[in-house]
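Now for the letters of each chain:
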Amino acid sequence: MSIRRMTLGSGYRYLMASVARGDAGGLTSSPLAAYYSEPGTPPGRFVGSGLSGLDGGRGIVSGSTVSEEHLWRMLGMLQDPVTGHSLGRAPGAERAAYVDALKRERKAPQTVAGFDLTFSAPKSVSVAWGLADEETRRRIYAAHIAATEFVIGYAERNVFATRTGRGGVVSEDVRGVMAAAFDHWDSRAGDPQLHTHVVVFNRVQAVSDGRWRTLDSKALFRASVGLSELYNGVLADLVTRDLGYGWDPERRRHSPVEKWEVAGVGEALRAEFSQRTTEIDAAKDLLVADFVNAHGRQPTPREVLQMRQRATLETRPPKELKALGELARHWRARAQPFVGDAAQAWAATLAGRNDLPLLWAGDLAEAMLEEAARVSLEIVSGKRSTFTRANVFAEALRQIQGVRFASPDERTVVAERITALGIGQAVALTPPDLGYVPDELRRPDGSSRFRPRDSELFTTQALVDAEERLLAAGRAVDGPAVDEANAAAVRTVDLPGRDHPLSAEQASAVCRVAASGRVLDVLVGPAGAGKSTAMAGIRAVWESQHGPGSVVGLAPSAAAAEVLSEAVGVPTENTTKWLAEAARQPARLVELDGLRAALDRASPTLRTRTLMRRARQLSDDIDRWRLRPGQLVIVDEASMSGTFELDSLTAYARTAGAKVLLVGDWAQLSPVAAGGAFKLVVTDRGDAPELLDVRRFRHEWERDASLRLRLGAKGVAGEYVRQGRVRGGDRESMLDELFANWTDDVSAGRRSLMVAADTATVADLNRRARAYAVAEGRVAESGVTVGDGSVIGVGDLVVTRQNQRDLGSSGWVKNGDQWVVTRVGRDGSLRLRRDSGGGVAHLQAEYISAHVELGYATTAHRAQGRTVDTTHAFVTATTMREPLYVMATRGRECNMLYVDTAYDPDASSSHEAPATVDPTILLEQVLVRSGDDLSATETRAREQAHHNNPARLAAEGAAITTATRARLRHMESEGRAAVREVRGSAFRPSLLLPLKTVPRDSARWQSIITHGPDRGV
């Protein structure tokens, strides 16, 4: 499930444009059969429990048809689709145009009219649906619709909310949502893709007072992953229950999360129907062919860019609507190489493959649920330092994705039970509401409505303990150190391997680290501030007192460790590898003791020689993977090291009498595991050694701008625009321009990077680069096909993605190593030469398929720590500040940002070009969004500060006062009615005291307002 915000008046046209204009709806009772020969898709239908509040309270029947006027009133005017009356505040009343930092006039921010929740069936389901006979297609479609509507109903009960009170302090339950659902058959590229756009109107009625307000979008986005997983699981259950489909788990190339596909729908067939080609690409290819015929050569990347721009103009006419029958015939023709001529017969063979029972919630033992909860919590807490209930719920659904349930309700009951068990083992970081909360501000389950559902933050006790140990180590000053006199003497001479000494700033930081005596120390520096030079200085200073070999280096990856080794000149290792080997030390010592005992009694034999060789090997390993007193362990790129890794490493160092130095920048990328520890240790002390003199950039303005970009300073995006470093446009145009400029730089002999935050864009850029290299004759067109579908041939630049220590010469094969292909074997093997010039490797087909990719472009994570001449970075609306900062600071001479101003979260299900955003505004939005993984300790402090915020407390107090006064007015009204009733009866109880007799300025009245009504009143 993907989510798109729909601004006022947008989206309405594309939803109506695909609807069939004939009277197909009356041809047959089958929704699919009706459109088998009718071009277009069915009209939208109303869904949601909130429909009951429309048409002046008369309501709209769920499933009734959405007309063009209905949709326009909803999305264009925020009105009741029947009566045309405004629902809540009229749009645009408080929004005005403004002038930005570049003195340019800007339009008023657009009002969000709704949210397009697009439910897309897994590709294997869509393929089976598209190739099946009419009856099977109808049953799959029915399962899809049922799954979609179940998830919307679940969200109405557990997710959708609105906000009331000062600053939206009160989270209100709603009476449901009103939405319009539009079913579509194919993707933007014409592939089978059964999906439904559920457009949820951005107006809901609060349960408390029935007034129309906007949706709480934060709650919706927080729950989006869980809702998506719920849809996938429910759809699988319903399809299996009706058709007996089986399901197979498949690993993703860049994610540990499995995806489940219909058993029997192979990967090759799914790939055929996952084409990303568009009319623009096809038109551009024709223009390229014409160019080659006319000029006798391939066009340059810049000429290709001009051709794409021309193709865009030539392909602007709207896509022709096609009947489902016509689409199905086309799909069957495309599937013929994979399933033969009888596609429908092949689709029929998918039924009846399920061999799992359909379970009820009670069929699962409590021990099984507890184990699933333990695994869910372990996975979630392993990825992030803090998490919400929504995170655990999504993972719980993943854990039971392979289980088939008898009904959707059974799946949710099990998932919620697993979630509750998991949360029960977690540590709450959000403080509880301890003050008085009247019943009117509580939900039926007793929870306070001052807290939005699933907004509380949690962590694990293990992580809290690890952070406390790291803080203690950072405060301890009983570690090894260097005399200040030795440090001062060394810092003034040229560094080993360099023809210059340290700068004054670097020398000061080096001396502070070396002489501090802290067991766990830090050195902070932004991109380009000379951290590598400072580390070389620390090594020289440390070895001046503790001797050669007293400094070792660790880094998050083997490739980064190799860079550290070259920069500092010390033995280095991957942190994960070092910790794994260190954990084996006790077993080595036990084995070595046993060998020594055996050798003491052994006579000279061949077996004795074998034992002696093994003893020497163990002794060498023990020496290699241990720390000694007085050693210094430098951890580079420490912001990318997980909390548990740093905790384990520090524990080893404290036991051995060694010192750990964390070097990095908390403003750059976080680890894929639970992180935030580096920033925690840095901010725990007010005197952390820091380098601020940025030296990397050739242009003076960029030095200051990069520091402001690092902190997300207001207005810095405008500075990059003024300096000509920002380009904006749609995705394809930006990637073409990025690639053309990168090619120009490479042709001019510059070291240049193409970089993006996501792997899909990196793969796209890699394909562009390879196609151009093939056209130029520098790379062989044929080769081996790797796991992501790319072809790799002789001459290609590739990257290896998994450490393999038994491969390669002059250094083993590392994750992140770059190579040039020199030979492709008949068995699918590759012979590689290091891109840097030294060492070769021979890789077998199995490793290649899973762990080799084209290496022309790179991700932000792999780019961190690198320095080149120029960088060309792709930015979208989903980019966070940290990867943007990394991508914008790799190049000495120039760092260009190519901004996708028309981003779509799910391009395949989009049916019109998305609205464009000014690149400056988009960059400003990126800069305020941090993806930094905060430590649990810092999160707890933030949550406590928010809880005690005076403005928040005042807003809560005002809400309590309002609720209490409303209750008192209600009680007073009831009291008067009771008095009238009593006066008309034969007796008058003397205990009845109307509230109006309590003076408004009395202490008792104030007590009632503050603490709640007295039961004696």
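Asker: Outline the overall build of the chain, supporting the account with residue identities and numerical values.
Answerer: Scanning the chain from terminus to terminus reveals 35 helices and 32 strands. Put simply, the chain has 1017 residues, and 53% of those count as buried. Counted over contacts in the chain with a minimum sequence separation of 6, partners at least 24 positions apart contribute 71%.

Asker: Tell me about the nonpolar core, residues and numbers included.
Answerer: Within the largest apolar cluster, 80 residues are counted, with the highest numbers of intra-cluster contacts made by Leu-117 and Trp-185. The greatest single-element share of this core, amounting to eleven residues, is contributed by helix H6 (residues 217–243). Formed by 36 residues, the second largest nonpolar core is a distinct cluster that contains Phe-739, Val-798, Val-820 and Met-896.

Asker: Let's hear about the sheet that holds strand S5 (residues 112–120): which residues, and what values?
Answerer: With antiparallel pairing, five strands are arranged side by side in an open sheet as S1-S5-S9-S8-S2. The sheet terminates laterally at strand S1 (2–7) and strand S2 (45–47), the two strands that pair on one side only. Strand-to-strand twist in this sheet, taken as the mean axis angle between neighbours without regard to direction, amounts to 30 degrees. On top of the sheet, helix H4 (residues 123–131) reaches strand S8 (179–186) and strand S9 (192–201); it is set at about 115 degrees to S9, its chief contact. Its contacts with the sheet put helix H10 (residues 324–339) on S8 and S9, and the angle it makes with S8 is roughly 40 degrees.

Asker: Please give an account of the sheet that holds strand S26 (residues 818–824) that cites residues and values.
Answerer: Pairing within the open sheet is antiparallel, and its five strands lie in the order S28-S27-S26-S25-S29. The outermost strands of the open sheet, each flanked by one partner alone, are strand S28 (840–843) and strand S29 (852–854). The sheet shows a mean angle of 40 degrees between the axes of neighbouring strands, direction not considered. One ladder, built from four bridges, connects strand S27 (residues 830–834) with S28; its direction is antiparallel. Each residue of the ladder has a partner; that of Leu-830, found in S28, is Leu-843.

Asker: Give me the lowdown on the pairing of strand S20 (residues 659–664), citing residues and values where you can.
Answerer: Burial within S20 is extensive, with six of its six residues counted as buried. On S20, burial covers both faces: Lys-659, Leu-661 and Val-663 on one face and Val-660, Leu-662 and Gly-664 on the other are all buried. Pairing of strand S16 (residues 520–524) with S20, which is carried by five bridges, proceeds in the parallel orientation. By the bridge assignment for S20, Leu-523 is matched with Val-663. With four bridges connecting them, strand S19 (residues 632–635) and S20 associate as parallel partners. Of the residues in S20, the one forming a bridge with Leu-632 is Lys-659. Crossover handedness for the path S19 to helix H23 (residues 643–656) to S20: right-handed.

Asker: Could you give an account of the packing of helix H20 (residues 575–583) against helix H21 (residues 585–600), with specific residues and numbers?
Answerer: How two helices sit against one another is set out by the angle between their axes and by the gap between those axes. Running from amino to carboxyl end, H20 crosses H21 at an angle of 40 degrees, the nearest separation of the two axes being 5 Å. One finds that H20 runs oblique with respect to H21. Residue-level inspection shows Glu-581, Ala-582 and Ala-583 of H20 in contact with H21, the latter providing Gln-585, Pro-586 and Arg-588. For the contact of H20 with H21, the residue count by class is three nonpolar, one polar and two charged.

Asker: Before we move on, can you summarise the packing of aromatic side chains with the specific residues and values?
Answerer: Under the definition given, this model contains eleven aromatic pairs. Measuring from centroid to centroid gives 6.0 Å for Tyr-141 and Trp-185, while their planes differ by 65 degrees, and the two rings are edge-to-face. Placement of the pair is Tyr-141 in helix H5 (residues 134–158) and Trp-185 in strand S8, with a sequence separation of 44 residues. Of the two residues, Tyr-141 and Trp-185, neither departs from the other in class, the shared state being buried. A network of ring pairs unites the aromatic residues Trp-129, Tyr-141, Trp-185 and Trp-331 as a single cluster.

Asker: Account for the environment of Pro-81, with residues named and values stated.
Answerer: In this structure, Pro-81 sits in the loop between helix H3 (68–77) and strand S3 (98–99). Considering only alpha carbons, one finds Pro-81 and Glu-69, twelve residues apart in sequence, at a separation of 7.3 Å. The contact partners of Pro-81, leaving out residues within four places of it in the chain, are Phe-46, Leu-54, Ile-60, His-70, Arg-73 and Met-74.

Asker: Explain the side chain of Asp-647 to me, using residue names and the numbers behind them.
Answerer: In this structure, Asp-647 sits in helix H23. Apart from the residues lying within four places of it in its own chain, the contact partners of Asp-647 are Ala-466, Arg-469 and Leu-470.

Asker: I'd like a description of the pairing of S8, backed by residues and values.
Answerer: Most of S8 sits out of view: eight of its eight residues are buried. By the bridge criterion, three bridges tie S2 to S8 in an arrangement that is antiparallel. Residue pairing in the sheet places Arg-45 in a bridge with Ala-181 of S8. Taking the residues that link successive antiparallel strands as the turn, the S8-S9 hairpin has five residues, and the phi of Gly-190 there is positive, at about 90 degrees.

Asker: Could you give me a rundown of the pattern of salt bridges, with the residues and numbers involved?
Answerer: For side chains of opposite charge, pairing can occur when their charged atoms come near one another. Inspection of the entire model under this criterion finds 63 salt bridges. The residue Arg-58 makes a salt bridge to Asp-55 at a minimum N-O spacing of 3.0 Å. Overall, Arg-58 belongs to the exposed group, its relative accessible area being 64%. Judged by relative accessible area, Asp-55 falls into the buried class, the value being 14%. With its nearest N and O atoms 3.3 Å apart, the salt bridge here joins Glu-700 to Arg-703. Of this pair, Glu-700 and Arg-703 both sit in helix H25 (residues 700–711), three residues apart, which is roughly one turn of the helix. Residue Glu-700 is classed as exposed on the basis of its relative accessible area, which comes to 56%.

Asker: Can you break down H4 residue by residue, with the values?
Answerer: When you tally the buried positions in H4, you get nine out of nine residues, the bulk of the element. When we look at burial in H4, the residues that qualify are Lys-123, Ser-124, Val-125, Ser-126, Val-127, Ala-128, Trp-129, Gly-130 and Leu-131.

Asker: Lay out the confidence of the model for the chain with the relevant residues and their values.
Answerer: Residue-level pLDDT values for the chain average 87, and 89% of them are 70 or greater. This stretch, residues 985–998, has a pLDDT under 50; its non-local contacts, to residues over four places away or in other chains, come to 18 contacts. Below pLDDT 50 for its whole length, residues 1013–1017 participates in 13 contacts with residues either more than four positions away or in separate chains.

Asker: Now, about unusual backbone geometry: what can you tell me, with residues and values included?
Answerer: Trans is the common state for peptide bonds, and a negative phi is the common state for residues other than glycine. In the Ramachandran plot, Leu-78 falls in the positive-phi region, its phi being about 55 degrees despite a non-glycine side chain. When you line up the elements, Leu-78 lands in the loop between H3 and S3. A relative accessible area of 1% means that Leu-78 is categorised as buried. Positive phi values are uncommon outside glycine, yet Asp-454 reaches one of about 60 degrees. In this fold, Asp-454 is placed in the loop between strand S14 (427–428) and strand S15 (458–459).

Definitions and cut-offs
- Residues numbered from 1 in each chain as written.
- Predicted model: local features only at pLDDT ≥ 70, side-chain atom pairs only at ≥ 80, totals over all residues.
- Heavy atoms only, no water.
- Helix = DSSP H or I, 4+ residues; strand = E, 2+ residues; numbered from the N terminus.
- Buried < 20%, exposed > 50% of the residue type's maximum accessible area, 1.4 Å probe, protein only.
- Contact = heavy atoms within 4.5 Å.
- Core = buried A, V, L, I, M, F, W, Y, C linked by side-chain atoms within 4.5 Å.
- Pairing = 2+ DSSP bridges.
- Axes fitted to C-alpha atoms, helices over the stretch in contact; angles between N-to-C directions.
- Right-handed = clockwise from strand over helix to strand, strands pointing away.
- Parallel < 35°, antiparallel > 145°, perpendicular 65-115°, else oblique.
- Nonpolar A, V, L, I, M, F, W, Y, C, P; charged D, E, K, R; others polar.
- Phe/Tyr/Trp six-rings, centres within 6.5 Å; stacked < 30°, edge-to-face > 60°.
- Salt bridge = Lys/Arg side-chain N within 4 Å of Asp/Glu carboxyl O.
- pLDDT = per-residue confidence, 0-100.

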